[in-house]
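Spelled out from the first residue to the last, the chains are:
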Amino acid sequence: MASNSPAPEGIEVQEPPTAGAWGEWNPTEDSARPPRGKHRVLKQRGGLARSSTVLGVGVIAAVGASGIATAQDRPQVAISLPSMPSLPGVLGGEDDADDAAAETPQADADAAPARTGIFPRQADRRADAGELLRSRILQQAESQQEAAAAQEQAESQRVAQEAAAKEAREAQERARQAAEAAAAEQAAKEEREAQEARAAAEAKAREAAIKAAGGYALPTSAYTLTSHYGDSGSMWSSGHHTGLDFAAPTGTPVKAVGSGKITSAGWSGAYGYRIVLELADGTEVWYCHLSSMSVTGGSVAAGDTIGRVGATGNVTGPHLHLEVREGGATVDPLTWLTARGLNV
């Protein structure tokens, strides 16, 4: 078989040891140093060159350390290493420094991305990512501003709606109060008109009765006769009753039985509050045990209210004690009133 062709220029060939001296072979820095020359590869500052060199040396060291290849069972094989880039200060640091000094500025410019680890496409991608992040931040800020504006608008609308609703409730309440006030006023007006109408009707009826009775009226209304003239008993100082009692609730109006003038009005001992009415013919009519007096003097007409039923003086209950005196002597009031056309 023809002999091996010479090794390419620039590659050192390590002569294998002789069979007798074969043993474990561990490459060293001297035996594994890459050749210098035209086969030298452009230096790269990155993880690729470093990892390739370390991986090759590690594999060779692992094979030698395993003890698998020996001089007895393996043929001798020549090992050659291709030129590999070196790292300053690691493999051939001084020579590499000289070579680095001889590199051209264009080589430095070409190697700049390798040194910085940023290539044009990577720079573009980073710029695009930064622009994308900026755009997203701006969009998020704009979204937050729009959300805040929408929330503020919604709050303003809510406040306006609440104010409108409150105003509507207040207006409704005012309208209700005004309607109630108008209704109450109308009811009061109708009541006044009804009372006036009743009073007018009563006055007309009294006038008719007085005219029918020759100008005389009953002394009170809604009454019950309890004690008559001449009744005897210890309750009266003279031993008998000198008048006619009209039992009625306290406050019942007391009327003038005829036209005349008030000659006396005030307290009168056992008679309580008393009013004396003197008629045109000189007859006196006494109104006794009154709770109040409406007039204390002057002229009155038949049917005029001059006082109120009461229980003042010597009494057992509210009533009007009516006495009629002619010439200073008492007469029977019932007979006197009946004689004047009054239905007692």
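Up top is the structure these notes are about.
Below is a summary of the structure that appears in this document.

What counts, and at which threshold
- Residues numbered from 1 in each chain as written.
- Predicted model: local features only at pLDDT ≥ 70, side-chain atom pairs only at ≥ 80, totals over all residues.
- Heavy atoms only, no water.
- Helix = DSSP H or I, 4+ residues; strand = E, 2+ residues; numbered from the N terminus.
- Buried < 20%, exposed > 50% of the residue type's maximum accessible area, 1.4 Å probe, protein only.
- Contact = heavy atoms within 4.5 Å.
- Areas by Shrake-Rupley, 256 points an atom, 1.4 Å probe, with all protein chains shown as cover.
- Pairing = 2+ DSSP bridges.
- Salt bridge = Lys/Arg side-chain N within 4 Å of Asp/Glu carboxyl O.
- Core = buried A, V, L, I, M, F, W, Y, C linked by side-chain atoms within 4.5 Å.
- Phe/Tyr/Trp six-rings, centres within 6.5 Å; stacked < 30°, edge-to-face > 60°.
- Lys NZ or Arg CZ within 6 Å of the ring centre and 35° of its normal.

### Looking at the overall build of the protein chain
Along the backbone of the protein chain there are 5 helices and 10 strands. Residues classed as buried in the protein chain amount to 21% of the 344 residues present. Residue pairs in contact within the protein chain that sit at least 24 positions apart in sequence constitute 63% of those at least 6 positions apart. Only carbon and sulfur atoms are counted for the fraction: they give 55% of the accessible area of the protein chain, which is about 22400 Å².

### Re the pairing of strand 5 (residues 273-279)
Strand 5 sits mainly inside the fold: 5 of its 7 residues count as buried. With 7 bridges connecting them, strand 4 (residues 260-267) and strand 5 associate as antiparallel partners. Note that in strand 5 the partner of Lys261 across the bridge is Glu278. Between strand 4 and strand 5, which follow one another and run antiparallel, lie 5 residues, and Gly269 among them has a positive phi close to 60 degrees. By the bridge criterion, 5 bridges tie strand 5 to strand 6 (residues 284-293) in an arrangement that is antiparallel. Bridge pairing links Leu277 to Val285 in strand 6.

### Side note on the pattern of salt bridges
In the structure shown here, the tally under the stated rule is 8 salt bridges. The closest approach of N and O atoms between Glu173 and Arg176, which form a salt bridge, is 2.3 Å. Of the two residues, Glu173 and Arg176 both sit in helix 4 (residues 120-212), 3 residues apart, roughly one turn of that helix. The exposure class assigned to Arg176 is partly exposed, which follows from its relative accessible area of 37%. With a shortest N-O distance of 3.5 Å, Glu191 and Arg198 are connected by a salt bridge.

### Here we look at the pairing of strand 8 (residues 305-309)
Sheet topology note: the strand 3 (residues 253-255)/strand 8 ladder contains 3 bridges and is antiparallel. In the strand pairing of strand 8, Val254 is matched with Gly307. Note: strand 6 against strand 8, 3 bridges, orientation antiparallel. If you follow Ser292 over to strand 8, its bridge partner there is Arg308.

### Let's talk about the nonpolar core
If you look at the biggest cluster of nonpolar residues, it comprises 23 residues, and the most contacted ones within it are Val254, Leu277, Tyr287, Ile306, Leu320, Trp336 and Leu337. Elements supplying a minimum of two residues to this core: strand 2 (244-247), strand 5, strand 6, strand 8, strand 9 (319-326) and helix 5 (333-339). Other than its neighbours up to four places away in sequence, Ile306 contacts Val254, Lys255, Ala256, Ile275, Tyr287, Met293, Ser294, Val295 and Val300.

### A closer look at the packing of aromatic side chains
Under the definition given, this model contains 4 aromatic pairs. Between Trp267 and Tyr273, the ring centres sit 5.1 Å apart and the planes meet at 80 degrees, which makes this aromatic pair edge-to-face. For Trp267, a relative accessible area of 54% translates into the label exposed. Geometrically, the ring pair formed by Tyr271 and Trp286 is edge-to-face, given 5.7 Å between the ring centres and 90 degrees between the ring planes. Of this pair, Tyr271 sits in the loop between strand 4 and strand 5 while Trp286 sits in strand 6, placing them 15 residues apart in sequence. With a relative accessible area of 24%, Tyr271 lands in the partly exposed category. The ring centre of Trp286 lies 4.4 Å from the NZ or CZ of Arg274, which sits over that ring. Directly above the aromatic system of Trp286 lies the positively charged group of Arg325, at a separation of 4.0 Å from the ring centroid.

Just geometry here; none of it tells us what the structure is for.
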